[in-house]
Structure formats: C-alpha cells, structure tokens
Amino acid sequence: MANTSNFTEDKNFFILNSMDDWVRIVDTNGKTIFINDVFKKACDMSSELKNYLDESSSFLLGDRNEAVRNTTMIEEKLIDERYFSIKSSPIYNGDEFLGIVEVYRDITRESLMKIELFNNNRNMLDDVRFVKKIQTNILPRDKAYGKLSLKSKYIPSDELSGDFFDLIKIKEGKYALYIADIMGHGVKASIMTMFIKVTMNAILDKHPDYSPSEILFKLREKFAKLGMESSQYFTAWLGIFDVGKDSLTFSNAGHNCPPLWYSKSNDEVTYLLASGRMISNIIEPDNYDEKMIELENGDRLLLFSDGAIETKDEKRCEYGLERLRENFASYHDLEKSYTDIKNFTWGKQEDDLSLVQIEYKEK
C-alpha cells in the first residue's frame, strides 16, 4: 500500500487525508497505491478490512475493466459489519488511464434506518391486509334473506375502505338495510366502519321498533359521544323492510347517492329520495325525513357509494348519477352496472366503490 506512483506524490493529496470518508487509489495493475489516513487506521484495526482490500483490488479492474475506465460507478456493500456506499471513478492524465479512485462513505446508520423502515412498512402492510380482510368478512353474504335476495360488489381503493353496508334481521319479517360512506380512507375510516356496524346492531337489538329516522338520531347520538374531531363525519342511507306489509320505509343522513328503485310492474327506475343532514359533530340534525314505498315481486333496489358515480374517464369526466340510473333502467342488474362503470373508468380507481342490489321476491 506504499505510495509507489508518481501521481500520488502531488502535494494536493493532503486534502484526501483530511477527509472523513475512506479514500483508496488503485493503479492499472489492480494494486492499492494510496489510502488516506482514516482508511489506513481502520485497516490497522481490522483484519477483515485488509482482506477485503486485497481481494477486491484485482476484481475491481479485472471483470469490470472497461466499465470503470469509462464511467463513475456507485454501489453499496457490507464490509466488516458496516454498510458503505462506494463511489469508483477513473483517473486520467490526458488520454492515459492511470487507475481509479474509490471513496467509501459509511452509511451504516442510514442503511439500518432503511431496514427498520422497510420492516415497519411491511408490518404495517400486513396490518392493513388483516384489517381489509376483516372489513370484507363482516359484510353480509350474497344470498337470500327471506324475501330479500342480496348481491353486492365491494371494491376498496388501495387504502383501507371508508365504505360499509349491512343487512340485519331485526325480527321475523323485518330487516334493516343501510349503506354508509365515511369521510376519507385509511385507519380512521376503517375503524369508523367497525363503529357503525357494532352501533347499528346494538341499536336495532335494543330498539327493534325504531323507525329509520329514530335509528339515525340514535346513531348520531352515539357518534357524538366519541368526541371525534370536527372534520370527521359520515353519510348513511337506511331502510327498514317489513315483508309482512310488502313495504320499505327509509331515511337519509346526507348520503348524496340516493338508491335506485326498479318497479317491475311500472317498468321504471326512480330515486329513493329523502332529506337529512350527514352525521357530524359540527352539524346538528334538524330532521330525518321518512318515506315509504310498497314493494312487489321482482322489484329491485340498487344502493351505491359515491365511488361508483365519481369515477372518471380519460378526459376526467365523471361517470355520473344519471348514467347509472339509465344503465339500471335498461338492465336492472348489478353486474351490468358494475361492468359499465369499470369500462368507463380510466386508470387507477381513486375511491372505494360499493354496489348493493336487493331483489324483492317470493321464496
């Protein structure tokens, strides 16, 4: 490792000895002809580092001779239980290739932080997948519930979903159906879906004779007790089926996606509209209107979240509420509606998408 090459005797080489990074110069024969003081001190303290220098010199100029002559190369290596970023640059005197200079920068701390961040992100991703699985598995199954036949599509965006829906048997011949859309995505939104499910089940279990508006007022009361920040809110549409009376009574808490009702006898589709404010800590509900319709065999309902109608095409035009109504009027079929939405969408799905179809029919 002696300074045997003339170009290493330049008086400016004292600059290399003042550097905290390790510096080494290798000649055209693969021989180490210069190392700066901090590098030399490290070699004196580590036999593994000495062995690394001896083994790497010939390799550096051997298999990669042409590469190191023409370009600067950067790589990361683990040496003596420490991570280094090694920058190798060719040295020329005019057109004459003299060797290469290597600069070793200790990046152990940064590398360990990257490893820790990677592991944390992997653990977080595992947690997200677990919560997604829970969210999916607590949704009602596609099957018949008495006179109600349910079909659904639940397509979360990349993050945890803020959409939720459920069909709950209150008592014999009476069912509650609702869809909720929580502001935002992520952990907070997903936890809120759990809160809504648990709370709705508790309300219906304790108050089986509550009307839709009473249920929504009670849900808002339970939400207020959480003491959530003012920016947190959600919307919901809720209907109560009384199959003995062939009726559906419903209310709306700010859900801007009114369900579609296909009346088989009239062969037409209408919106199930009702007024009411979203559930929030900063907006007091003044009233939740209640509406009632009579159902016949073959009638169908389509509930949906705003992810269905706000999806965009390549021109950034939204799919829209009326296009969904026209599609459902033509086919009155969830699968056809979903296919049309999917074919319309350009690029990545930006929001959670939920579609729920209920067909009212005799057993």
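Residues numbered from 1 in each chain as written. Predicted model: local features only at pLDDT ≥ 70, side-chain atom pairs only at ≥ 80, totals over all residues. Heavy atoms only, no water.

Caption draft 1: Spotlight on unusual backbone geometry. A positive phi angle, close to 50 degrees, is found at Asp80, a residue other than glycine. Looking at the element boundaries, Asp80 is found in the loop between β3 (73–79) and β4 (82–93). Here Asp80 falls in the partly exposed class, since its relative accessible area comes to 28%. (Helix = DSSP H or I, 4+ residues; strand = E, 2+ residues; numbered from the N terminus. Buried < 20%, exposed > 50% of the residue type's maximum accessible area, 1.4 Å probe, protein only.)

Caption draft 2: Looking closely at the domain arrangement of the protein. Structurally, the protein comprises domain 1 (13–111) and domain 2 (139–360). Once you take the C-alpha centre of each, domain 1 and domain 2 turn out to be 65 Å apart. (Domains from an automatic or database assignment.)

Caption draft 3: View of the packing of aromatic side chains. Here the structure, examined in full by the defined rule, presents 13 aromatic pairs. Ring centres 6.3 Å apart and planes at 75 degrees place the aromatic pair Phe84 and Tyr104 in the edge-to-face group. Note that Phe84 is positioned in strand β4 and Tyr104 in strand β5 (residues 96–106), a separation of 20 residues in sequence. In this structure Phe84 comes out as buried when scored by relative accessible area, which is 1%. Aromatic pair Phe164 and Tyr178: ring centres 6.3 Å apart, planes at 40 degrees, arrangement tilted. Taken together, the positions of Phe164 in strand β8 (residues 163–171) and Tyr178 in strand β9 (residues 174–182) put the pair 14 residues apart, joining distant regions of the chain. Take Phe164 and Tyr178: they sit in the same class, and that class is buried. By way of ring pairs, the aromatic residues Trp22, Phe39, Phe84 and Tyr104 are connected into one cluster. (Phe/Tyr/Trp six-rings, centres within 6.5 Å; stacked < 30°, edge-to-face > 60°.)

Caption draft 4: Structural context of helix α5 (residues 108–137). Compared with the 44 Å implied by 1.5 Å per residue over 30 residues, the 43 Å span of α5 between its first and last C-alpha is a close match. Along its buried surface, α5 packs onto β4, β5, β7 (148–155) and α6 (186–206). (Expected span 1.5 Å × (residues − 1). Contact = heavy atoms within 4.5 Å.)

Caption draft 5: Inspection of the environment of Glu102 at higher detail. For Glu102, the location among the structural elements is in strand β5. Only 2.7 Å separates the side chain of Glu102 from the side chain of Arg24, close enough to count as a polar contact. Only 2.8 Å separates the side chain of Glu102 from the side chain of Tyr104, close enough to count as a polar contact. (Polar contact = N/O pair within 3.5 Å; in protein donor to acceptor, adjacent residues only side chain to side chain.)

Caption draft 6: Examining the pattern of salt bridges more closely. Throughout the structure, instances matching the rule amount to 16 salt bridges. Between Asp246 and Lys147 there is a salt bridge; the shortest N-O distance is 3.4 Å. Of this pair, Asp246 sits in the loop between β10 (233–242) and β11 (247–253) while Lys147 sits in the loop between β6 (144–145) and β7, and the two are 99 residues apart along the sequence. Taking relative accessible area as the criterion, Asp246 reaches 26% and is therefore assigned partly exposed. (Salt bridge = Lys/Arg side-chain N within 4 Å of Asp/Glu carboxyl O.)

Caption draft 7: Here's a closer look at the sheet that holds strand β17 (residues 353–360). Strand order in the open sheet formed by six strands is β6-β7-β17-β16-β12-β13, and the pairing between neighbours is antiparallel. Taken across any chain shown, the strands that pair with only one partner, and hence form the sheet edges, are β6 and β13 (268–271). When strand β12 (residues 260–263) meets strand β16 (residues 299–304), the two strands line up antiparallel, connected through three bridges. Bridge pairing in β16 places Tyr262 opposite Arg300. (Pairing = 2+ DSSP bridges.)

Caption draft 8: Expanded view of the packing of α5 against α6. As a packed pair, α5 and α6 sit with axes 11 Å apart at the nearest point and diverge in direction by 30 degrees. Taken together, the axes of α5 and α6 are roughly parallel relative to one another. Like other packed secondary-structure pairs, α5 and α6 cross with a definite hand, here left-handed. On α6, the residues touching Val131, Ile134 and Gln135 of α5 are Ser190, Thr193 and Met194. Residue composition of the contact of α5 with α6, by class: three nonpolar, three polar and no charged. (Axes fitted to C-alpha atoms, helices over the stretch in contact; angles between N-to-C directions. Parallel < 35°, antiparallel > 145°, perpendicular 65-115°, else oblique. Left-handed = near helix turned anticlockwise from the far one by under 90°. Nonpolar A, V, L, I, M, F, W, Y, C, P; charged D, E, K, R; others polar.)

Caption draft 9: A look at the packing of α6 against helix α7 (residues 212–224). Direction vectors running N to C along α6 and α7 enclose 130 degrees, while the axes themselves pass 10 Å from each other. As far as their axial angle goes, α7 and α6 are oblique. Between α6 and α7 lies a crossing of right-handed hand. Counted together, Met192, Phe195, Thr199, Met200, Ile203 and Leu204 of α6 and Ile215, Lys218, Leu219, Lys222 and Phe223 of α7 form the full contact between these two elements. Among the residues forming the contact of α6 with α7, the class breakdown is eight nonpolar, one polar and two charged.

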